[in-house]
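The chain contents come next:
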Amino acid sequence: MSTGKTDPPPTHPAPPPDTPETIERRRFLARVSVGLGGCMGLAVAAPMGAFVVAPLFAEVPHEWRPVGKVKDFRIGETVAVTFVDASPLPWAGVTSKTAAWLRRVNEDTFVAFTVHCAHLGCPVRWLPDAQLFMCPCHGGVYYADGSVAAGPPPHPLWQYQARVNGEDVEIHTAPIPIG
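Residues numbered from 1 in each chain as written. Predicted model: local features only at pLDDT ≥ 70, side-chain atom pairs only at ≥ 80, totals over all residues. Heavy atoms only, no water.

(A) Representation of the sheet that holds strand S3 (residues 97-106) within the structure. Spatial strand order, S1-S10-S9-S4-S3-S2: 6 strands in an open sheet with antiparallel pairing. Two strands in the sheet have a free side with no partner beyond their single neighbour: strand S1 (63-69) and strand S2 (78-84). Across this sheet, the average inter-strand angle for adjacent strands is 35°, counted without regard to direction. Relative to strand S10 (residues 168-173), S1 runs antiparallel, the two sharing 6 bridges. Among the inter-strand pairings, lysine 69 is bridged to a residue of S10, identified as aspartate 168. (Pairing = 2+ DSSP bridges. Helix = DSSP H or I, 4+ residues; strand = E, 2+ residues; numbered from the N terminus. Axes fitted to C-alpha atoms, helices over the stretch in contact; angles between N-to-C directions.)

Structure, rendered in structure tokens:
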């Protein structure tokens, strides 16, 4: 039951006056907190920054990969060959393989084109009867020398270096830009 009186608000003891030691302790703890927060921020930001910047300094691997014996290729014929990418990841498995279109020009000269369209990277097909490379995605067409015949590709097919090394035909692997 209410008697009509209100209870007085609770009173708290007044805080003690700030002494120079208290002020210094607060300033010290504030500086320690800011310093620890900065260290933690740096500990998080440094690996993220390294992740972004490291690829700019990574050396791109280039290796000669064998794709077959010279005697297995006929002069004037364009065939698909597969080889292991220059920079496969350890867990890549079958995806570490890539391909190229290889043509034997004469007894000891070979030309190798990427299988990726210069427009958006779709795989191109070789049509031997038409002597054209065709991209099924957006209608890109390339002549037998890799130059653009029609469609949206902005430039010719990229080429790999190819060489004869003894009895083997080898392709110099390198990252192929798209676009």
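(B) Examining helix H1 (residues 20-57) more closely. Spanning 38 residues, H1 covers 53 Å between terminal C-alpha atoms, matching the ideal 56 Å at 1.5 Å per step. The largest bend along H1 reaches roughly 30° and is located at phenylalanine 51, with the proline proline 55 sitting one to four residues downstream. (Expected span 1.5 Å × (residues − 1). Bend = angle between axes of the 7 residues up to and from the residue.)

(C) Structural view of the state of the cysteines. Going through the model one piece at a time under the given rule, you end up with 1 disulfide. Covalent S-S linkage joins cysteine 122 and cysteine 137, the inter-sulfur distance amounting to 2.3 Å. With the S-S dihedral at roughly -115°, the linkage between cysteine 122 and cysteine 137 falls on the left-handed side. Residue cysteine 122 is located in the loop between strand S4 (109-114) and strand S5 (125-127), and its partner cysteine 137 is located in the loop between strand S6 (132-134) and strand S7 (141-143); the two are separated by 15 residues in the primary sequence. A residue is classified by how much of its surface remains accessible, and cysteine 122, at 14% relative accessible area, is buried. In this structure cysteine 137 comes out as partly exposed when scored by relative accessible area, which is 40%. (Disulfide = S-S within 2.5 Å. Buried < 20%, exposed > 50% of the residue type's maximum accessible area, 1.4 Å probe, protein only.)

(D) A look at the sheet that holds strand S8 (residues 148-150). Pairing is antiparallel across the open sheet formed by 4 strands, whose spatial order is S5-S6-S7-S8. The open sheet has two edge strands, S5 and S8, and neither has a second partner. In this sheet, adjacent strand axes meet at a mean angle of 35° when their direction is disregarded. As paired elements, S7 and S8 share 2 bridges and run antiparallel to each other. In the sheet register, valine 141 faces S8, and the bridge partner there is alanine 150.

(E) Expanded view of the pattern of salt bridges. This model, assessed by the stated rule, comprises 8 salt bridges. The partner of aspartate 168 in a salt bridge is lysine 69, and the shortest N-O contact between them spans 2.9 Å. With aspartate 168 in strand S10 and lysine 69 in strand S1, this pair connects stretches of sequence that are 99 residues apart. According to the relative accessible area criterion, aspartate 168 is partly exposed, its value standing at 23%. Residue classification places lysine 69 among the partly exposed residues on the basis of a relative accessible area of 34%. Here glutamate 77 ties to arginine 74 by a salt bridge, and the two come within 2.8 Å at their closest N and O atoms. (Salt bridge = Lys/Arg side-chain N within 4 Å of Asp/Glu carboxyl O.)

(F) Geometry of the side chain of threonine 114. Along the chain, threonine 114 turns up in strand S4. For threonine 114, a relative accessible area of 0% corresponds to the buried category.

(G) Quick peek at unusual backbone geometry. A positive phi angle is found at glutamine 131, which is not glycine, with a value near 55°. According to the relative accessible area criterion, glutamine 131 is partly exposed, its value standing at 39%.

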